[in-house]
Amino acid sequence: MSAYDSHLVLVTGSRRGVGKLLTEHFLAGGARVVGIARGASTIDHEAYFHISADLANPAAVADAFKQVRALTPSLDIVVNSAAVLTSQYALIMPAASAEEMVQVNLLAPFLVSREAAKMMRARKWGRIINVSSMAVRLEPIGDSMYAATKAGLTTLTNILAKELAPLNITCNTLGISAIETDMLKKLPGDKVAAVVSGLPLPRMATPNDICNVIDFFASPRSGYISAQTIYLGGLS
Ligand SMILES: NC(=O)c1ccc[n+]([C@@H]2O[C@H](COP(=O)([O-])OP(=O)(O)OC[C@H]3O[C@@H](n4cnc5c(N)ncnc54)[C@H](OP(=O)(O)O)[C@@H]3O)[C@@H](O)[C@H]2O)c1
């Protein structure tokens, strides 16, 4: 039997980057996965169901969940990976970019998590995992709004962990370090190299580094692990 046989998983940001690698990881483990992203599906698998939705729009999130509920009566695991990054000095950051980061990186995980929790309530079991960033710890110049949304995501996760504990739903945060994706390509290479070389474990993250922690949080054995944040790369 595979690790995720008969599991129903929802992954946001499933078209690219970390969300896509996690979707493929869950599918390889035997799960059925519903993915949400803005664009059309990039994954061709019989157990994968794609929903195109703009998570920045709360009405679109509500519509997406109508589709999720039509596909499956329940959910076991949710990973909020979708996010946007505009890295810019605060004095010249466009207000619209700052607002988009709040909507996608913070408000959307709140809306997705609570809709998912309503579905998990039926089986009284669930795992909510939110993808955060080393930026919370490093507080890099240019990332005031991005890092603030990710710090807020940890606070959100920890309070959800308390509210959802009676439903046997755990909520945890994975703060990942740099990994080669479209988002990372938006940053200057020298800035990324300087950040990576300054990590206690000075290298880029691999898919396995990320899947390892996701598997830990998602495991049936982790029912007593909630409101925790794990940072990769040796960051505390
Ligand atoms: N890459 C890194 O080095 C790094 C480091 C630290 C933390 N992180 C975190 O890791 C997570 C994944 O990042 P990534 O590098 O994989 O990013 P990415 O390559 O830019 O992919 C982002 C995904 O999120 C989706 N998305 C963005 N805005 C959306 C919206 N409004 N509605 C629906 N979907 C939306 C995108 O959908 P479309 O494909 O349809 O556009 C895409 O599938 C994020 O939470 C990020 O903050 C990444």
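Residues numbered from 1 in each chain as written. Predicted model: local features only at pLDDT ≥ 70, side-chain atom pairs only at ≥ 80, totals over all residues. Heavy atoms only, no water.

Draft legend 1. The site of the ligand, seen in detail. Neighbouring residues of the ligand: 30 residues in total, closest Arg16, Val18, Gly39, Tyr146 and Thr181. The separation between an oxygen atom of the ligand and a polar main-chain atom of glycine 39 is 2.7 Å. Within the backbone of isoleucine 179, one N or O atom sits 2.9 Å away from an oxygen atom of the ligand. When the free accessible area of the ligand is taken as 900 Å², the share hidden by the protein chains comes to 96%. More than half of the atoms belonging to the ligand lie within 2 Å of the grid points that define the largest pocket. The set of elements that each furnish at least two residues to the shell around the ligand consists of helix H1 (17-28), strand S5 (126-133), helix H5 (144-164) and helix H6 (182-185). (Near = heavy atom within 4 Å. Polar contact = N/O pair within 3.5 Å; in protein donor to acceptor, adjacent residues only side chain to side chain. Areas by Shrake-Rupley, 256 points an atom, 1.4 Å probe, with all protein chains shown as cover. 1 Å grid on protein atoms, 1.4 Å probe; cavity = no way out; pocket = protein on both sides within 12 Å on 5 of 7 lines; lining within 4 Å. Sits in = over half its atoms within 2 Å of the grid points. Helix = DSSP H or I, 4+ residues; strand = E, 2+ residues; numbered from the N terminus.)

Draft legend 2. Region of interest: helix H2 (residues 58-71). Taking 1.5 Å per residue as the helical rise, H2 with its 14 residues ought to reach 20 Å, and the 20 Å between its terminal C-alpha atoms agrees with that figure. If you check which residues of H2 are buried, you get Ala60, Val61, Ala64, Phe65 and Val68. Across the axial projection of H2, the buried residues extend over an arc of 140°, all falling on one side. In H2, those exposed residues whose orientation departs by more than 90 degrees from the buried face are Lys66 and Ala70. Contact partners of the buried residues in H2: strand S1 (8-12), strand S2 (32-37), strand S3 (48-52) and helix H3 (95-120). Its side-chain oxygen at 2.9 Å from the backbone nitrogen of alanine 59, asparagine 57 defines the N-terminal cap of H2. (Expected span 1.5 Å × (residues − 1). Buried < 20%, exposed > 50% of the residue type's maximum accessible area, 1.4 Å probe, protein only. Arc of directions from axis to C-beta. Contact = heavy atoms within 4.5 Å.)

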